[in-house]
Structure formats: C-alpha cells, structure tokens
Amino acid sequence: MRSFEYARADSPPDAVRRFRPGAMYLGGGTNLVDLMRLGVAEPDRLVDVSRLPLDAIEQIRDRLRIGAAVRNSDLAADPLVRARYPMLARAVLSGASGQVRNMATVAGNLLQRTRCAYFQDVSRPCNKRRPGSGCPAIEGDHANLAVLGRSDACVATHPSDLAVALAALEAEVHVTGPAGDRIIPMPGLHRLPGDAPEQDTVLEPGDLITAVELPAPPPGASAYRKVRERASFAFALVSIAAVMDVRDGIVAGCRIALGGVAHAPWRAERAEEAIIGGPATGAAFLAAAEAELAQARPLPRNAFKVPLARNLIVSTLEELTP
Amino acid sequence: MNRVEGRVKVTGLATYAAEYPVEGVTYAYPVQSRIAKGRITHVDASRALAMPGVLGVLSVEEPPELAEDADAELALFQSRDVAYRGQLIAAAIADTYENARAAADAVRVAYEPADHDVGLRTDHPGLYRPEVVNPDYPADTEQGDLEAGLAEAATTVDVTYTTPVLHNNPMEPHAALALWAGDGRLLVYDSAQGASIDRDIIAKTLGLPPNRVRVVSRHVGGGFGSKGTTRPHAVLAALAARAVGRPVKVALTRQQMFDVTGYRTPTIQRLRLGVDADGRLTALEHIAYEQSSTLVEFAEQTATPARVMYAAPALRTAHRLVRLDVATPSWMRAPGECPGMYALESAMDELAYAAGLDPVELRIRNDPQTEPDSGLPFSSRNLVACLREGAHRFGWDRRDPAPGVRREGEWLVGTGVAASTYPAKRMPSQALATMQDGDFLIQVAATDIGTGARTALTRIAAETLGVAPDRVHVELGDSDLPAAPVAGGSMGTASWGSAIVRACEELMKNGKEGRADTTGEVAADTRLARHAFGAQFAEVRVSAVTGEVRVSRLLGVFAAGHIVDAELARSQFIGGMTMGLGMALMEETQTDEEFGGFLRRDLAQYHVPACADVESIEAVWLEEQDERLNPMGSKGIGEIGIVGTAAAIGNAVHHATGHRVRDLPITPAKILMPRF
C-alpha cells in the first residue's frame, strides 16, 4: 500500500510544527479517509488533530466560540447553539447522516472537498485534482454543480451546509499557522475557482483552523432550508441560510447565503442590498432574487438551479416576514 | 416465527463470502480498463511485480487457461479487445489487500483506443430485433390490426417514456474466496444467489467437470439479481488462486460493483393506446428500446407485461436492442416487468385522463378473461379484486380527478394508481429430507439472500411433516447439497418449496429418508397463464417552490397465492415498494458519454431511499386459493412489490402538479423546469 507517516498533535502549535509539505491535517476523517481510499488525496504525512483541546463551545460575552474539533452532532445539539443560532443547528442536522455527524468536525466540515464525480475518480481528468487536465463536467455530468461564480476551469460546488449558515451569520474563522494567527471572516475562507480550482480556500500550507467564532445573533428571524431529491443524507441541490429583520413592514436587515450553487458558500449581497430598506413584500423579494441570479451562468443540465434558487429565496424570505 | 438465522446475523456470527477464515489467504485486486473501446497493446507488470508482497499479475500478456466457450463477460484476460470502460483487464495478487491494491495501481496498460458509442437512442442504426427476450419470449408479438384499432378509437395516446441505467446496491458487496485442493477440486465461497448454477458456470468457464467445483453461499447480503449470474470476481478469485497456489480473496469495492456486476438497461418505450367510447381498449402497442454490450446479448423482456395485462383486440409488442460499448446489463429486481410496467401503467393513466375515465375503472373494464397474448386461462387472476380492495382502503372514491388543484401551503397533493404483475413460475429442484436424532434435516442448494428463505422453507417443511418448526433444520447455500435453482425471478420458494414438500412426503412414507426431484412434476404442469397481480396506490406531495417530491402514503394490495409467512411477505412487499420509490424519484446511474463507463458510482451519489423517504407504507394481500401452482399454492413475492410502484408515484405527481414527467427519475429539476 501507499505508505504515509502518522503523527498525533497535542496542541495547535505542535500540529503546525509537525506539518510539512505534503502533509495533511486529519480531523474526523469522514472525507479525507474516503479521498485517500480513492487515491484523490495522497498525503505523505497525516497530522492527527482530532484530539486537540479544541472541542469546546464557549460563550464569550455575546459571542460564541466553537472549537475546530467539535463534532457536528455535538454542535447541533448544543443548548446555546440551539437557543441562539437555531439556523446553524438546522444546517448541521441537514448534512450527512447521524453516523457521519458523530465523526465529522467543524473544521473538517468547512474543508471538505467537492463531490463532483470527475474529481472523485482519478481515472478521469479534473482541473481541481490535477491542474491543467481539463474539466469534463462542463460538457458532461454537471447537474449538481455550480451556476454562480464558476470558471471555464471548474464548475465544482462546495458541499458543506455548515459553511452556508456560517456565511450568513458572518462567522470568523480563527487560523493558526507557520505565519502566525489570523482571522478570516466568512465567506472569505473559500475562494472561487478562477484558473486555480485546485485551491478551495485561502488557507496556506500548514494553516490550521482552531475555532469558528460567531458574533451575537443578528436581529430578526432566521431559517435554513436544503433542497434535495431524497429526504436525508444528500448534498444540497440548492440550500439557503437567511436572516431577516422586518420592522413596521420595512426590511431593517437581511442576510442570505446560498449553498450548492458555487465553489464557495454564496453570500447574496446583491439581493440583500436590493431588499434592505424596502418593503417586505413578495414582489420585492422576487426582484432581489432576480437581481442576484442575473449573474448566474448555468449549464444545460443545471439550469434548474436558477429558478430553484430564486424560488427558495422568495419563499424563505416570505416565511421570515412576520 | 422468528427468522431462523436471526441470532447469528445480529450477533455477527453469520459468515459472508469474504469472511471465511482461511490459512494463508492472499488477495487479488483488479485493474480496470480506462478506455471504452479499443485494444490493449501492452500490459507492463514489472513495477507491480517488484512491489512488496506481490505474488503475481494476471493479464492478457500471459492469458490464464479458460474454456473456449466461456461467457464473454467471464473470459478474463483472454482478449486484447476492450469492450467497455471498467472491464477487468488485469489483476494483481499480493499477501495483503492493500499491497494487491497498490500493485494493481502500478500496472501500466498501453491502449490503442477506438471511438466508442455508449448512447441508447431510438434512431440508432445498430438497432435490431433479438431472436428472443429473457428468458425465451418472442421479441415481437402482434394480434389484430393495430392501426385500424387506433383509427377507430374514440381516444388515443402516443407517448414515450424513458428509464435510466439503474444499479442494484446490495448491502454485501460482491466477493469471493477461492481455494484449490490438492486433488484439483475447487472450492469457492461466493456471494451468489444460486450455488448450483454458480458452480456450473464456474466449472464451465474453467473447463472443469461440475463435480470438481463446490460453491458455498451460506449467507448472502442481498443481491436483487446482481448476484444471480456468476460475476467476474468469482472467476478472478479462482484463476488467481490457481496462479499463485494459495487461497485468494476478491472483494469488489462499491465503485467496481457499478462497473462489473450488471445493471438494469436504460429503456426508451413508446406506447400507443386507443380506447372506445365505453372505455374498452381498441389497440395497445408497446415498443421497447434497450441496450446490451458487444460481448453478450442481454435482451430484457420490457414489453412482455403488455401481453398479460389488458384485453385489446389489437395488441402489438416489440423489442429493439442495440449493442453498445458498455458493460452487459443484467438482472435487477423484476427485470423487464418493472420498467415495462412503469411505462404501460403511466400510459394507461394518460389514457384515462384523455378519455375522462377513472384510472381504476379503466383497468377494471379492460381486465381480460384469458391471457391476451397466449389465450391461456389464468391459474388465478385477482387484479380487479386488488384494485377494488386498494381503492377502498386508500379512499379512492373521495378523489377529485382534476390535476394540479389541491394545495397545502406550498405543497401540491396528488394520488395515483398503477397495476402490478409478475410471472409465478417454478423451476425443477431437488431436496433431501432425513431424520437426525429425532429432528428433521432438510437439505437443498437454495440461497437465502436476506429474504428469509431459510425461515420460509423451515415452515414449509414443518407444515408438511406436521411438526413444530424448531424440529426442522434447513441446510442450504452449498452446491454439494441437492441441486436447486437460483434465488431469482420470484421462483425460489415455489421451486425449492415444491421439492421440500415432496421430499418430506416421501420421508413420512418410509420413515427414514425422502429424496425429491421435481423435474418431472414441473414438466407435467398444466399450461396456464401463471402470474401474481397487485395494485399500487400512492399519495405524493410536490413542493411548488422546490419541485421536491415526498411520498406521503404508499399502499400495495397483492394477490400472490397462499402467503407462506406473513412477516417475511410483508418485508418483501414493502422492500419492493421502497425500491420502486427509489426508482421513481432518485435512482439513476450517469453514463459518461465522453470517456465511457459510469459516473457517480457510490452510495453518496447513487441515491436509494432512506428511512426518511418512507413516510407511510402499507402492504396487504388477498388470500388467494390457487392449487394449480405448486404444493404450497404460493406465488413468488420478491418482485411484485416493485412492479407498478414507480408508475403509481409518477401518476400521483401528475395528479398533484398537472405536469407529466415521462423520464425517470422524477427529480426537482424535471418538476421545476417546465413550470418556468
């Protein structure tokens, strides 16, 4: 078999120290181990970060700090999360299965890789897996892939539900690495494919996510809805995380993030701008959704995602209107 | 009674093919073709052979000896021609699974690729009429004047339905463990649905007399047809074990199963139906287009249920096949009948709407007295009773036929119905019944693929002998036992059970031993149209916002002769119905037009229904008295549950939305796009 080194880190600095070129961090392993079996990921060294003391959820003043190694099932079940960020709990529970959520970690969830069929099969070309080899999905099987922000090099989607909720909640991702510590506001962690689709995120080699920090919950009501043809354990065709604050019929605040439509969780800023300050009406929501989706570049087999996303935006915002 | 193997299964003691502890076992891992068509010019195994633990590499460079008349899907490494992407073209053998896998990855294959063609279409120049369709039906039938029947009809429909490539995904992946004894006898532990036939095929492939081969399949974790024929992994295990002189295990990965364990052919089906002002069919035409490989002709019997279902003075059925650069399709739960009835029962629904008739009533009005195609009397046919009972239980009389008008919030609600049919046959089987310390031992080379066959056969023997079931011990899953047919075609219990009843009767007569072979009895069966029937009712909710379809109620009413075991039967029926739900709404294997082969080859992307998709499911049956079938008076139940389910759901989606999706699966995309 293809051999690799294994090292278990006991602190974040220790993990960074044990990292070297060709290494990967191992959290819950629910995606990485699969990718290693498929030959998609071939790390020379695994630095196991699953037992780092990063598994706490703490309230710090009005903020919530979620350790990178918190398991998804623990995150969704946490009383503070359920009470203050119910949309986040909904998002996490809509992902994967109970068994996978018991293993998967917060950081691993953010860093999971696309489920594009070409990416997962090393016998076929894929620019994300092997830069420059081509993107057969654009002509082939792209029904589940991106309609927003895609490039001619890649049409992959980011599969996480958690990331979509975090984008709407304006979470901050805390990172430590060879260059020190920094904070990346969501959705800035993930990048669009451009001509370097092999890079999913803005992280540098050796960067380790240590925590996700949530600011105080935004005022208003929130919702997470995920569309899929099966009622459980499927990646989103399109998902939405939305927060809306309506006062006297006027939208005082609105945040919308979409999943399943882009290489990254998609913050629908154009739609938000169009809505905020105006009346909370279905017509306004529809106009806003269309403004956002005017930039979509669908392919023949994923064109349905455009009306689907539009409907989802309108319906979810209507649901959040008192 | 509880399942007799329940305890060993839940405690993990039940041994599956890859789990037998064998001294000195080694592992083979296949190399698969990366082109869809062309020639292998060279296989370079040198790097692989130099790797740790590697014992050998099999390939066309030194073809292992096989019988010349071996089935082309099983004739491993005999030809340089590549027939499809994913074909097994070499294999590495090593001391561990991981080493074998790494070595297989290091085998370098050079090809001379050729243009491939993997697309089924109705204007394909290669389409032809096969001699017969499975197992031995004529490809085409015609009675009456079809065009005249259509011309005189008050209402006609002319519709085309398609179904995609579908894959069986049994819980236990296909695996085999092969051991050659010093005397040249071969033992294969195989995940197979029939030990006797698997033994015969493996022997034939290797050019051995059948008595030199033994197949053991004591526990099998599902199959649905994919383990009904010998698959290449079993032959690979035998060849590899012969090559290295040690036992060899082959366990396919889930992805490899998509490539080499068969699949349900995609279909394109055109139906033309006409009905007179009284709602009686004047003409029925069903043409099915389907694919096979260039290696083997597999012609699925898609249009055959139209020969059974309805009385039409003009009736035409036809099958057209095209040989593509694809793997050979194979059996999948109700091959033929399942996709065929999807299209027929969807078209019947369209006809009912077009003619302004109730869909249940249309079916009742066209119930034939004798089998339309053959003219044979039915051994029993209670389709009308199933429809009436189902309509009553489902609340069909409260149904407003108008489509697209019932709404609960964003959810459109609709109901649909479809009929089901599946042949009720039996095959010759042998069985042996003996006394052992006051208990009874029943031996038959049957297979329990998770259906509860052991339990059903125990019950049949106990009832025949007039003793408590705990005094009966059924031994099966071994080709050294009395020969028995495959667990498939809904024929298992009827075939094995017949032999067990006869063996037990014989034992009771002489008090010592009963040996049965039903070959003569089966051959002497009166010629009758023998089929199980059923009616499927579905209620669906379709989101007007997202196009998501959720099945809120499923009801199946079946007439399948005497039900041997109510609990097992219910499991089979609702299992079949759940699989039909998957076919209706989510299951689809993507064909890779550019590179050949299949895409989305795992259970994260090939979606089968999860528990959350099955909200309310109910299966009931009419107790049918049909003494002309077999000594139990039973009909098979493995497949009748899936047939008709997809049509009922599709018809309900139409009723909910007013939109007819004619291409399975019915996904949010197909609901949404026509609405904008």
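Each remark here, short or long, concerns the structure printed above.
These figures come from a predicted structure and were not determined experimentally.

Asker: Looking at this structure, I do not really get unusual backbone geometry. What am I missing?
Answerer: Generally, phi is negative for residues other than glycine and the peptide bonds are trans, each holding for most cases. Residue and element names in this part refer to chain B. In this structure, P135 follows N134 across a cis peptide bond, with omega equal to -10 degrees. With respect to the helices and strands, P135 occurs in the loop between β7 (132-133) and β8 (137-138). A positive phi angle is found at F224, which is not glycine, with a value near 60 degrees. Within the secondary structure, F224 sits in the loop between β13 (213-216) and α6 (232-244).

Asker: Even after reading the chapter, I still don't get the packing of helix α11 (residues 453-465) of chain B against helix α12 (residues 492-510) of chain B, so can you show me in this structure?
Answerer: When two helices pack together, their arrangement is given by the angle between the helix axes and the distance between those axes. All names here are of chain B. Two numbers describe how α11 lies on α12: the axes approach to 9 Å, and their chain directions differ by 30 degrees. Classified by the angle their axes make, α11 and α12 are roughly parallel. As for the relative orientation of α11 and α12, their crossing is right-handed in sense. Contacts between α11 and α12 involve A453, L457, I460, A461, T464 and L465 from the first element and T493, W496, G497, I500, V501, C504, E505, L507 and M508 from the second. Across the contact of α11 with α12, the residue classes break down as eleven nonpolar, three polar and one charged.

Asker: Can you walk me through the interface of chain A and chain B in this structure?
Answerer: Accessible area lost during the coming together of the parts is what is often quoted as the interface size. Taken together, the 37 residues of chain A in the interface contact 42 residues of chain B. When chain A packs against chain B, the two sides together hide about 3,000 Å² of surface, and 53% of this comes from carbon and sulfur. In this structure, A:R225 engages B:E410 in a salt bridge whose closest nitrogen and oxygen atoms are separated by 2.7 Å. Here chain A and chain B share 17 residue pairs in polar contact (both at pLDDT 80 or more) between them. Those elements giving two or more residues to the side of chain A that touches chain B turn out to be α2 (32-38), β9 (221-227) and α11 (305-320) of chain A. Sort the elements by how many residues they give to the side of chain A that touches chain B and α11(A) lands first, with six residues.

Asker: I'm lost on the side chain of A:S123 in this one. Help?
Answerer: With respect to the element layout, A:S123 can be found in the loop between α7 (106-111) and α8 (162-168). A polar contact of 2.8 Å, which involves the side chain of A:S123, links it to the side chain of A:D121. Residues within four places of A:S123 in sequence aside, it is in contact with B:R34 and B:R85.

Asker: What am I meant to see in the packing of aromatic side chains here?
Answerer: Given two aromatic rings, their pairing is described by the distance between the two centres and the angle made by the two planes. All names here are of chain B. Per the stated rule, a full pass over the model turns up eleven aromatic pairs over all chains. With a centroid separation of 3.8 Å and 20 degrees between ring planes, the pair formed by Y20 and Y189 is classed as stacked. Of the two residues, Y20 is situated in the loop between α1 (6-10) and β1 (26-32) and Y189 in strand β12 (residues 186-190); the sequence distance between them amounts to 169 residues. Each ring, one from F573 and one from W621, has its centre 5.7 Å from the other, and the planes form 40 degrees; the classification is tilted. Linking F573 in helix α14 (residues 566-585) with W621 in strand β28 (residues 617-622), this pair joins segments that are 48 residues apart in sequence. One aromatic cluster is present, built from ring pairs that chain together F394, W396 and F537. Taking NZ or CZ as reference, R553 lies 3.9 Å from the ring centre of F394, over its face.

Asker: Quick question: what am I supposed to make of the nonpolar core here?
Answerer: In terms of nonpolar packing, the biggest core is built from 92 residues, with B:L273, B:L284, B:L344, B:F537, B:V540, B:L585 and B:I649 touching the most fellow members. Filtering out sequence-adjacent residues up to four positions away, B:L273 remains in contact with B:L150, B:T155, B:T156, B:V157, B:L281, B:A283, B:L284, B:A347, B:M348 and B:L351. Residues A:A15, A:V70, A:A107 and A:L110 belong to the second largest nonpolar core, which totals 51 residues.

Asker: Before we go on, may I ask you to explain the sheet that holds strand β18 (residues 407-408) of chain B in this structure?
Answerer: Strand pairing in a sheet relies on backbone hydrogen bonds. The paired strands run either parallel or antiparallel. Residues and elements named next belong to chain B. In space, the five strands of this open sheet follow the order β18-β19-β24-β25-β28, with mixed pairing throughout. The outermost strands of the open sheet, each flanked by one partner alone, are β18 and β28. One ladder, built from two bridges, connects β18 with strand β19 (residues 411-423); its direction is antiparallel. Counted as the bridge partner of R407 is L412 from β19. Docked against the sheet, helix α10 (residues 383-394) engages β19, β24 (531-543), β25 (549-559) and β28, running at close to 30 degrees with respect to β24. Seen against the sheet, α14 touches β24, β25 and β28 and runs at an angle of roughly 125 degrees to β28.

Asker: For this particular structure, what's the right way to read the pattern of salt bridges?
Answerer: Using the criterion set out here, one finds 66 salt bridges over all chains in the structure. A:E290 is paired through a salt bridge with A:R310; the nearest N and O atoms lie 3.4 Å apart. Highlighted residues: A:E290 in helix α10 (residues 282-293) and A:R310 in helix α11, separated in sequence by 20 residues. Here A:R310 falls in the buried class, since its relative accessible area comes to 19%. Beyond isolated ion pairs, a larger network of salt bridges with shared partners links A:D121, A:R124, B:D259, B:D592 and B:R601.

Asker: Before we go on, may I ask you to explain α11(A) in this structure?
Answerer: An α-helical turn contains 3.6 residues, so any two residues separated by three or four positions project in the same direction. With 16 residues, α11(A) should cover 22 Å at 1.5 Å per step; its first-to-last C-alpha distance of 22 Å lies within 8% of that length. For α11(A), the tally of buried residues reaches 14 of 16 residues, placing the bulk of the element in the interior.

Asker: So what exactly am I meant to see when it comes to the sheet that holds strand β11 (residues 175-180) of chain B here?
Answerer: All names here are of chain B. Within the open sheet, the seven strands sit side by side as β3-β5-β1-β14-β11-β12-β13. Their pairing is mixed. Each edge of the sheet is formed by a strand with only one pairing partner; in this case those strands are β3 (54-59) and β13. Strand-to-strand twist in this sheet, taken as the mean axis angle between neighbours without regard to direction, amounts to 20 degrees. For β11 and strand β14 (residues 248-251), the ladder comprises four bridges, and the chain directions are antiparallel.

What counts and what doesn't
Residues numbered from 1 in each chain as written. Chains lettered and ligands numbered in written order. Predicted model: local features only at pLDDT ≥ 70, side-chain atom pairs only at ≥ 80, totals over all residues. Heavy atoms only, no water. Helix = DSSP H or I, 4+ residues; strand = E, 2+ residues; numbered from the N terminus. Axes fitted to C-alpha atoms, helices over the stretch in contact; angles between N-to-C directions. Parallel < 35°, antiparallel > 145°, perpendicular 65-115°, else oblique. Left-handed = near helix turned anticlockwise from the far one by under 90°. Contact = heavy atoms within 4.5 Å. Nonpolar A, V, L, I, M, F, W, Y, C, P; charged D, E, K, R; others polar. Buried area = accessible area lost by both parts, 1.4 Å probe. Salt bridge = Lys/Arg side-chain N within 4 Å of Asp/Glu carboxyl O. Polar contact = N/O pair within 3.5 Å; in protein donor to acceptor, adjacent residues only side chain to side chain. Phe/Tyr/Trp six-rings, centres within 6.5 Å; stacked < 30°, edge-to-face > 60°. Lys NZ or Arg CZ within 6 Å of the ring centre and 35° of its normal. Core = buried A, V, L, I, M, F, W, Y, C linked by side-chain atoms within 4.5 Å. Buried < 20%, exposed > 50% of the residue type's maximum accessible area, 1.4 Å probe, protein only. Pairing = 2+ DSSP bridges. Expected span 1.5 Å × (residues − 1).

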